[in-house]
Every structure is written in C-alpha cells, then in structure tokens.
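This is what each chain is made of:
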Amino acid sequence: MTQASDIVAELDRLYTASVGRLQQALTAYLTTGATPDPAARTDGSFAYPEIRLTYAGDTGRPAPLRSFGRLSEAGDYRISVTKPAIFADYLVDQLTLLMEDYDVTVTAVPGRQEIPFPYVLDPGHAMSLDEVSALELARWFPATELAHIGDEIADGLPTPNEARPLALFDGLRTDFSLARLRHYTGTPPEHVQRYVLFTNYHRYVDEFVRWEFDQLGENSRFTGVSGAGGVMLRAGDDIEAALADTGAWRRHQMPAYHLMADDHTGITLVNIGVGPSNAKTICDHLAVLRPEAWLMIGHCGGLRPSQRIGDYVLAHAYLRDDHVLDDVLPPEIPVPAIAEVQVAMARAAEKISGQSGEELKRRLRTGTIVTTDDRNWELRYTQSALRFSLSRAVGIDMESATIAAQGYRFRVPYGTLL
C-alpha cells in the first residue's frame, strides 16, 4: 500500500514544479515581454496538484466511530491542494485514517485548477511589478477569479464537479485565505499554531506576549514568539522594548502573536478588535489551517444584577444578534456548547483563580451570551430586555457567537470565556 507520506511528498513535488513554471514564465514576460505558451494554460502547467481517492464501498469492515475522516458513500473524491509542505502533517494524518479504515485508492496527480499569479509572488521573490499592471498580467497568466472561490463545500451547497469534494477547502480557497491572513495579522500564515485564542483589547495582548516570552528558554519545546510586523522574539531578547514599539502592530487590522513550536502545537493569539464583521473575517481565513480549537477570551457586559466587575462568564449557549452569518447559517440553527471545551475552560478558571467549588461558582457564571452588531444596544434595551431574559443571557458582546457559529460551520471546536 502506498504510504500517506509518499502521496504528500508527491503533492509537494507537483506543486513546487507548477509554481516554478509559473514564476519562470512571469519572469520571462517581465524581462523580455515573452508571453507563455497557450498550451500551458490548458495542460495544467500552472495548476495545483490534486488528491484523488476512489472508494469501492462497504467491504464488511466496521465503520469508524469518529466524526471525521469518514467516507459515507462509494465513488470518486478529489480536492486541489496548495502549499503541501505547510499542511503535510495534517494531510498525512487524515489520509492515513482513510487508507487504514477503508478500501480506497489514493493518488496525487496534476490538476487543472490554475494557481493565480499573485499567490506565487511571495515576499522572498525578486520580481518587480512596478512597470506592469495586474490587469495586463491577467491577460496572459491565471488570475484570481472570485467566481471560483467560495464556501459552497463547507456550507453544503451543490458544486459543479462530478467527483465529491474530499475536503472543505480547495487550493484556490486556501490560497485566498493565506494571503488575507498575512495582510490582516501581519505575520506569515506558516507561523499560525493549532490552538487559537481571540481577544478584543490590546492590553490583553501585552500580558499574553509576556507570558509567551516566559515560556522560552533552555529545554523549552517552544522556539520563539512571532509578532505582527515581522517581530521575532527569542529567549534572552528585550521583551519590554518589543512591547514598547507600537509601530509594528498598529499597521495591521488584526495583529497576531504566535508562541511557536516545531510541531505547531503552540498558541496563536489574534487581537480581532471589536465587532462581528472582524470576527467572521478572521475565522473565514484561519479555518483553512484546520486548527484544533479556537476560543474567544475577552470581556463582555454583564446582564444580571448578581454579577460584579471582574467575574467570569463561561458561555454555554449563544443568542445570535450579530446577523453576519444569517444567510449561510440561519439563526434558528442551534450552536451547541462543546462539552470537552467547557470542562477545559472551567478547569482553567479554577486553576488561575485559585478558587473552587462554591467559591468559584460565585465568580464564574455560566449561561447564554448575546452577540450583537449594535455597539449602542443599551439605547434599545426596552425592546430587548424580555428577549434577553427569556434566553437566560448573562452577558453581551460583539464577537463570541460569531466565532462559535463559524467554528460550528467550519468544523473547528470553539468556546468562550469572558
């Protein structure tokens, strides 16, 4: 049987060759005006590689009980893949599950979905576009066509392909998000870790970065702290000087900070600012990296007279008044709390506060979080009070339900501790 690692290695070889051909053709056009061979636009020379899987159907093997890495119907499956080196561990894990538990044939082959030229112009590439417009390049080279980029697979909508999709995101959708992540967070998408925290105030970021820095040092499994604007901290660096330099992170809408580990089991913190639009945006793009979990760690307005400033709120339900996802995930669809995440966050609150039992219960409230798209919701409180009461809401913010709904939609475990 072909090993999953061999398939991923072949994907990387095919992808690297396609990128090389596209970069070479771009360089020739920019330096000599030579246009690419028209055949290169139809024969897959500039295309993403594909994983193709054929499942013969039930052969009497017991079906796995897990909720992922499953095949429910016989047939052909495929998906285009970008930057296999970034996703190598994930791809090997997922393909191994399928190859061990099902009677499948899996191959890595050249595809036909073309790589848009902006996605091969990485920061280390020497090409200059000062003297040529993107519109001119789009006449001769594959460009970003928004009509071909979407979330139809994740949202369960019909797709024009004859084969079934093998993953939620194809190469085009993934590259689109990787580019946006670099733009919004100010950090390379390769630095994003498998565990993601969202917050909405920069003072939380300073404390987190200090904590991250304290994890570095001899015998630590963490290799460094990557921050917005190209900041890279290693053990022994001046952390206070780095925090005092506000110019780096202010250039980016949602600056990120990564406590990096070689196996990507570190922690990423993103300051998403305020509002459901930002929350939706960052989740749209982080989802392609398939994190193990994302959590909202911020603060909210208390809605119960028994609450005090500084109390914790652990969300076990959400009232979605954010409206940014209503078209793809109607508000009547429940977004349930995830038991394992709830237990982990309750234990974290117990550990950090040093409190337990009844003492912790007086400070840690569980209940519904309202997420609104109206920062001045207080001015309409008379219209909202009964609804808030019926939902047993204990807190209100502008991000948490959006993040939870995006986690539900993109199959990423989620939670909220405010």
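Here is a short report on the structure shown in this document. Keep in mind it's a predicted model, so treat the numbers as computed, not measured.

Criteria and cut-off values
Residues numbered from 1 in each chain as written. Predicted model: local features only at pLDDT ≥ 70, side-chain atom pairs only at ≥ 80, totals over all residues. Heavy atoms only, no water. Axes fitted to C-alpha atoms, helices over the stretch in contact; angles between N-to-C directions. Helix = DSSP H or I, 4+ residues; strand = E, 2+ residues; numbered from the N terminus. Parallel < 35°, antiparallel > 145°, perpendicular 65-115°, else oblique. Left-handed = near helix turned anticlockwise from the far one by under 90°. Contact = heavy atoms within 4.5 Å. Buried < 20%, exposed > 50% of the residue type's maximum accessible area, 1.4 Å probe, protein only. Polar contact = N/O pair within 3.5 Å; in protein donor to acceptor, adjacent residues only side chain to side chain. Pairing = 2+ DSSP bridges. Expected span 1.5 Å × (residues − 1). Arc of directions from axis to C-beta.

1. Let's talk about the packing of helix H4 (residues 171-185) against helix H8 (residues 276-286)
Running from N to C, H4 and H8 point in directions that differ by 130°, and their axes come no closer than 8 Å. One way to sum up the angle between H4 and H8 is to call them oblique. Taken as a pair, H4 and H8 cross one another with a handedness that is left-handed. Contacts between H4 and H8 involve Arg-173, Phe-176, Ser-177, Arg-180, Leu-181, Tyr-184 and Thr-185 from the first element and Thr-281, Ile-282, Asp-284, His-285 and Leu-286 from the second.

2. Notes on the side chain of Thr-185
With respect to the helices and strands, the residue Thr-185 is situated in helix H4. Residue Thr-185 is classed as buried on the basis of its relative accessible area of 5%. A polar side-chain atom of Thr-185 sits 2.6 Å from the main-chain carbonyl oxygen of Leu-181. If near-sequence neighbours (up to four positions away) are discounted, Thr-185 is found in contact with Ala-228, His-252, Met-254, Pro-255, Ala-256 and Ile-282.

3. Digging into the sheet that holds strand S4 (residues 164-165)
Strands sit in the order S3-S1-S2-S4 across an open sheet of 4 strands; the sheet is mixed. On the outer flanks of this sheet lie strand S3 (104-114) and S4, each paired with one strand and no other. Of the strand pairs in this sheet, strand S1 (residues 47-55) and strand S2 (residues 75-80) are connected by 6 bridges, and their pairing is antiparallel. Among the inter-strand pairings, Leu-53 is bridged to a residue of S2, identified as Tyr-77.

4. Some words on helix H9 (residues 339-353)
Across its 15 residues, H9 extends 21 Å between first and last C-alpha, which sits within 8% of the 21 Å expected from 1.5 Å per residue. Listed as buried for H9 are Val-341, Gln-342, Met-345 and Ala-349. What you see down the axis of H9 is that its buried residues fit within an arc of 100°, all on one side. Exposed and facing more than 90 degrees away from the buried side of H9 are Ala-339, Glu-340, Arg-347 and Lys-351. Positive backbone phi, approximately 75°, marks Gly-354, located one or two places after H9.

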